[in-house]
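# Coordinates in review
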Amino acid sequence: MADIIHELKHNARILHRNITTGKQASLAFIKKNPDLKNLSDLEIIETIKRKHCLSQIAKVLGFKGWSHLSQIIQMDSVPIPTSERSELDYGKLLCPPRCMPYTNFWTVFYPEAKEHRYQTNGYLLTYGTQFLVTEQDYIETLGLAPKDPDWDLIERDWADPKNTEARDGLYQKLITHNLKDQVWL
């Protein structure tokens, strides 16, 4: 996971530099941060901190902020889901707006999602404290390859992967995909 965190911190450094040099696309991006939205460009340039950049990048990826992203991305072991509702908020990275048109199976109970995943041979993903089971088209729209060997290594189960390194690899690919072509970098 260190690679993803390193890449995101590198992107935050670039964003910070772009803001301090007045790049308009970067200024527009950072103004989406609620703490900075009412400031003028000059005020932002004078007061911007790296933490603002880290936070805004995390938010655009579907997390509440940098600490939330770090907690989820850097988990050494995944808490084993139970039959109770999940208290762990996985963020919204796996269900961006571009994937909303798809019909998926949604539930707040992991065992129910796991059973549906086995019945349909789908992909079990997380969204906040919920679980969803999707199909190949969704995974492609998400920005990942449905035939990626990492899916088999995690048994298509993001919430309880059999191989956390493989899931880390999928996180890396997805975040890289989501950040490519960003004009604010």
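So, here's what we can say about the structure.

## Some details on the pattern of salt bridges
Counted under the stated rule, the structure contains five salt bridges. Across the pair Lys-64 and Asp-89 runs a salt bridge whose closest N-O atoms are separated by 3.2 Å. Of this pair, Lys-64 sits in the loop between helix H4 (50-60) and helix H5 (66-73) while Asp-89 sits in the loop between H5 and strand E1 (105-107), placing them 25 residues apart in sequence. For Lys-64, a relative accessible area of 61% puts it in the exposed group. A salt bridge links Lys-173 to Asp-148, with the nearest nitrogen and oxygen atoms 2.6 Å apart. Note that Lys-173 is positioned in helix H9 (residues 164-179) and Asp-148 in the loop between helix H7 (136-142) and helix H8 (149-153), a separation of 25 residues in sequence.

## Some remarks on helix H1 (residues 2-20)
Between the first and last C-alpha of H1 there are 27 Å, a value that for 19 residues agrees with the 27 Å anticipated at 1.5 Å per step. Within the span of H1, buried status applies to Ile-4, Ile-5, Leu-8, Asn-11, Ala-12, Ile-14, Leu-15, His-16, Asn-18 and Ile-19. Against the buried residues of H1 lie helix H2 (24-30), helix H3 (41-47), H4, H5 and H9. Downstream of H1 by a residue or two, Gly-22 has a phi angle that is positive, lying close to 85 degrees.

## Re H4
Every buried residue of H4 is listed here: His-52, Cys-53, Leu-54, Ser-55, Gln-56, Ile-57 and Ala-58. Of the surrounding elements, those touching the buried residues of H4 are H1, H2, H3 and H5. Downstream of H4 by a residue or two, Gly-62 has a phi angle that is positive, lying close to 105 degrees.

## Quick word on the side chain of Ser-55
Take Ser-55: it is sitting in helix H4. Here Ser-55 is in contact with Asn-33, Gly-65 and Trp-66, once residues within four sequence places are set aside.

## Concerning the state of the cysteines
In the structure shown here, the tally under the stated rule is zero disulfides. Among the cysteines around Cys-95, which has no disulfide bond, Cys-99 carries the closest sulfur, lying 6.5 Å off.

## Let's talk about the sheet that holds strand E2 (residues 123-127)
Two pairing modes exist for strands in a sheet, parallel and antiparallel, and in both the strands are linked by backbone hydrogen bonds. Spatial ordering of the open sheet is given by E1-E3-E2, a layout of three strands whose pairing is antiparallel. This sheet does not close on itself; its edge strands, each paired only once, are E1 and E2. When strand polarity is set aside, the average angle formed by the axes of neighbouring strands in this sheet is 25 degrees. Lying over the sheet, helix H6 (residues 110-120) contacts E1, E2 and strand E3 (130-134), oriented at roughly 5 degrees with respect to E3.

Cut-off values and rules
Once a new chain begins, its residue numbering starts again from 1 and follows that chain's sequence as written. Reporting in this predicted model follows two pLDDT cut-offs: at least 70 for local features of residues, and 80 or more for side-chain atom pairs to be given and counted; totals over whole chains, interfaces and linings ignore these cut-offs and use all residues. Heavy atoms throughout the structure, all of them, feed into the side-chain values; hydrogens and water do not. Salt-bridge detection follows one rule: a side-chain nitrogen of Lys or Arg within 4 Å of a carboxyl oxygen of Asp or Glu. To qualify as a helix, a DSSP run of H or I must reach at least 4 residues; to qualify as a strand, a run of E must reach at least 2; elements of each kind are numbered from the N terminus. For every residue, the accessible area obtained with a 1.4 Å probe (protein chains only) is divided by the maximum for its type, and the residue is called buried under 20%, exposed over 50%, and partly exposed between those limits. Helices are assigned an expected span. That span is 1.5 Å times one less than the residue count. Only heavy atoms enter the contact rule, under which two residues are in contact if any of them lie within 4.5 Å. Any two cysteine sulfur atoms lying within 2.5 Å of each other are counted as a disulfide. Paired strands, in this sense, are two strands between which DSSP finds at least two bridges. In this description, a line fitted to the C-alpha atoms serves as the axis of each element, helices being fitted only across the stretch in contact, and the angle between N-to-C directions of two axes falls anywhere from 0 to 180 degrees.

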